[in-house]
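Single-letter residue listing:
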Amino acid sequence: AKRVMAPHRVARVAVLAALVVAVHAEDYWWQFKNSDCAYHDVHVNGSSKALSCCTDDTECTIASCEALCKQTKGCGGFNWPHGVVKATDCVDHLSKSSVTTYILEDHPQPPPPSNFPPIWPHPKSFTNGTKTAVLLSTFTVTTTSTSNTVAKGIERYQARIFRQRNSGPSSGTGLSGLAVTVKDSSDAPPQQGTDESYTLTIPVSGKATLDAPTVYGAIRGLETFSQLVAYGWETRQYSVDAAPWSIEDAPRFSYRGLMVDTARHYLPLPFLFRILDGMEASKVANQCFFPGLCTLSTSNILCKENNKKQTQKIEKKMPLAITNSERKQRRVVGGADKSGDAADLKRAW
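The paragraphs below set out a description of the structure included in this document. Because the structure is a prediction, the values reported are computed rather than measured. (Residues numbered from 1 in each chain as written. Predicted model: local features only at pLDDT ≥ 70, side-chain atom pairs only at ≥ 80, totals over all residues. Heavy atoms only, no water.)

1. A look at the layout of surface pockets
Leftover empty space is mapped by rolling, across the atoms, a probe with the size of a water molecule. The calculated volume of the second largest pocket comes to roughly 330 Å³. What lines the second largest pocket is a set of 16 residues, and nearest its centre among them are Pro121, Asp249, Ala250, Pro251 and Arg252. Taken together, the residues that form the lining of the second largest pocket break down as seven nonpolar, two polar and seven charged. (1 Å grid on protein atoms, 1.4 Å probe; cavity = no way out; pocket = protein on both sides within 12 Å on 5 of 7 lines; lining within 4 Å. Points joined across faces, edges and corners; volume = space filled by probe spheres on them. Nonpolar A, V, L, I, M, F, W, Y, C, P; charged D, E, K, R; others polar.)

What follows is the structure, encoded as structure tokens:
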């Protein structure tokens, strides 16, 4: 016998189905500015041509792109203003671009991350806009300072920022350069209380400026600028998001240091160099204390006289670490105590 569902159960199923439809009818479009998922497109009838809601015979609006995406199987969103329809895995392959990507989701988009701005550590105060400043292909960093520290810092940061070829425009709207101004060009080693403040201004177009009272403030400002510059693999251009920027920064603590126990734990020099590089990137740049690393011939390195034999062996390698440190505006201080570190050094060397 054919089983027939009771009327009240039919009504219940209909209500549940209506609720399911209502839930799925609520669509949320997440926006990812300056992002795109290249090569993750929906293609026309299996061809290599990407499906687009912006064609010659149709009106191209965000609403029309949303409607086309909902009607297309396998659509996860689209980019704007090109209107290229994206696959459902687009959100997992987003990268920097000049377009905005819309992703279809079933729940609201969460708020932006709380770690904005993308500067570490966060500056003392800042203001920013909503535009993107493109770095011209002729972008240069210049300074009127006679400081060797500033000159080497500019050279180092330019190599760090511009690792890829800049295919940006050579003229027109965009950043043409960064002008670094230093009030006191003294290259004296940093001390506790050295003024490391700086003011960095990045417009949408024209020349950015970095003003600092000392060479060490200029170096901190160059680090901040390097953190704001990003490279777009699709556009092959360098840019600064959320421009224009106006940043005023100074260390919260006058003394910022790090101790690495190299006496009980042998660490090769390349590893120590990485620590020094990390200190520069984090603006932790006053002093690095290496117990077990000492020299008799350098004034800012402490050493115990009773460790001469071990010291002479270490001293051969220490100039590399000292030079690497001074080039990046840090003081390296070594030391060894008589009972503990000295015995470890003797066994190690």
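2. Some words on the nonpolar core
Across soluble globular proteins, nonpolar side chains have a tendency to be buried as a group. Counting residues in hydrophobic clusters, the biggest one holds 34 residues, and the most contacted among them are Leu178, Val180, Ile202, Leu222 and Val240. When residues of this core are assigned to their parent elements, the largest contribution, seven residues, is made by helix 4 (residues 215-228). Contact partners of leucine 178, with chain neighbours within four places excluded, come to Phe139, Thr140, Val141, Thr142, Leu200, Lys207, Ala208, Thr209, Leu210, Leu222 and Phe225. Residues Leu51, Cys65, Val85 and Tyr102 belong to the second largest nonpolar core, which totals 10 residues. (Core = buried A, V, L, I, M, F, W, Y, C linked by side-chain atoms within 4.5 Å. Buried < 20%, exposed > 50% of the residue type's maximum accessible area, 1.4 Å probe, protein only. Helix = DSSP H or I, 4+ residues; strand = E, 2+ residues; numbered from the N terminus. Contact = heavy atoms within 4.5 Å.)

3. Here's the deal with the state of the cysteines
Summed over the entire model, instances satisfying the criterion amount to four disulfides. Here cysteine 37 pairs with cysteine 90 through a disulfide, and the sulfurs are 1.9 Å apart. Disulfide cysteine 37 to cysteine 90: torsion about the S-S bond roughly -100°, handedness left-handed. Note that cysteine 37 is positioned in the loop between strand 2 (35-36) and helix 2 (62-71) and cysteine 90 in the loop between strand 4 (85-87) and strand 5 (95-96), a separation of 53 residues in sequence. Accessibility classification places cysteine 37 together with cysteine 90 in one group, the buried group. Disulfide pairing places cysteine 69 opposite cysteine 75 at an S-S distance of 2.0 Å. (Disulfide = S-S within 2.5 Å.)

4. Re empty space enclosed by the protein
For the structure on display, the rule yields one cavity of 30 Å³ or more. Put simply, the largest cavity is a space of about 40 Å³. Along the walls of the largest cavity sit Val141, Ile154, Tyr157, Gln158, Ile161, Leu222 and Phe225, which together make up its complete lining. Elements represented by at least two residues in the lining of the largest cavity include exactly helix 3 (148-161) and helix 4. A breakdown of the residues in the lining of the largest cavity according to their chemical character gives six nonpolar, one polar and no charged.

5. Here's the deal with the environment of tyrosine 198
Looking at the element boundaries, tyrosine 198 is found in strand 10 (residues 198-202). Sequence separation between tyrosine 198 and tyrosine 216 is 18 residues; the distance between their C-alpha atoms is 9.0 Å. Setting aside residues no more than four positions away along its own chain, tyrosine 198 makes contact with Leu210, Asp211, Ala212, Gly217, Arg220, Gly221, Thr224, Ile247, Glu248, Asp249 and Lys283.

6. Some points on the environment of serine 197
Within the secondary structure, serine 197 sits in the loop between strand 9 (175-184) and strand 10. Each C-alpha atom of the pair serine 197 and glycine 221 lies 8.3 Å from the other, and the pair is 24 residues apart in sequence. Excluding residues within four positions of it along the chain, serine 197 makes contact with Ala212, Pro213, Gly217, Asp249, Ala250 and Pro251.

7. Things to note about the side chain of glutamate 196
Here glutamate 196 lies in the loop between strand 9 and strand 10. Within the structure, glutamate 196 has its side chain in polar contact with the side chain of arginine 256 (distance 2.7 Å). (Polar contact = N/O pair within 3.5 Å; in protein donor to acceptor, adjacent residues only side chain to side chain.)

8. Observations regarding the sheet that holds strand 7 (residues 125-127)
Spatially, eight strands are ordered 7-14-10-11-9-8-13-12 in an open sheet, and the strand pairing comes out mixed. Each having just a single partner strand, strand 7 and strand 12 (229-232) make up the two edges of the open sheet. Strand-to-strand twist across the sheet, computed as the mean angle between neighbouring axes with direction ignored, equals 30°. This element, helix 3, spans strand 8 (131-143), strand 9, strand 12 and strand 13 (237-243) of the sheet and lies at about 140° to strand 8. (Pairing = 2+ DSSP bridges. Axes fitted to C-alpha atoms, helices over the stretch in contact; angles between N-to-C directions.)

9. Some points on the pattern of salt bridges
For the structure shown, the criterion picks out eight salt bridges. Through salt bridges with shared partners, a single network forms among Arg156, Arg160, Glu223 and Glu280. (Salt bridge = Lys/Arg side-chain N within 4 Å of Asp/Glu carboxyl O.)

10. Considering the packing of helix 3 against helix 4
Helices that pack against each other are described as a pair by the angle of their axes relative to one another and the distance between those axes. The N-to-C vectors of helix 3 and helix 4 enclose an angle of 10°; their axes lie 10 Å apart at closest approach. Our classification of the angle between helix 3 and helix 4 gives roughly parallel. Contacts from Thr149, Val150, Gly153, Ile154, Arg156, Tyr157, Arg160 and Ile161 in helix 3 reach Val215, Ala218, Ile219, Leu222, Glu223, Phe225 and Ser226 in helix 4. For the contact of helix 3 with helix 4, a count of residues per class yields nine nonpolar, three polar and three charged. (Parallel < 35°, antiparallel > 145°, perpendicular 65-115°, else oblique.)

11. Focus on the sheet that holds strand 3 (residues 75-80)
Across the sheet, which stays open at both edges, the four strands sit in the order 1-6-3-4 with antiparallel pairing between neighbours. Strands with a single pairing partner mark the edges of an open sheet, and in this sheet they are strand 1 (28-32) and strand 4. Each adjacent strand pair in this sheet contributes to an overall mean axis angle of 30°, direction not counted. Running at roughly 160° to strand 3, helix 2 makes contact with strand 1, strand 3, strand 4 and strand 6 (100-105) of the sheet.

12. Focus: the packing of aromatic side chains
Scanning the entire structure with this criterion turns up 11 aromatic pairs. The interplanar angle of 50° and the centroid separation of 5.8 Å between the aromatic rings of phenylalanine 139 and phenylalanine 162 together place this pair among those described as tilted. With phenylalanine 139 in strand 8 and phenylalanine 162 in the loop between helix 3 and strand 9, the pair connects residues that are 23 residues apart, well separated along the chain. Using a relative accessible area of 24% as the deciding quantity, one classes phenylalanine 162 as partly exposed. Aromatic ring contacts, followed pair by pair, group Phe139, Phe162, Phe225, Tyr231, Trp233 and Tyr238 into a single cluster. Lying across the ring of tyrosine 157, arginine 160 places its NZ or CZ 4.8 Å from the centre. (Phe/Tyr/Trp six-rings, centres within 6.5 Å; stacked < 30°, edge-to-face > 60°. Lys NZ or Arg CZ within 6 Å of the ring centre and 35° of its normal.)

Shape is all these values report; function is a separate question.
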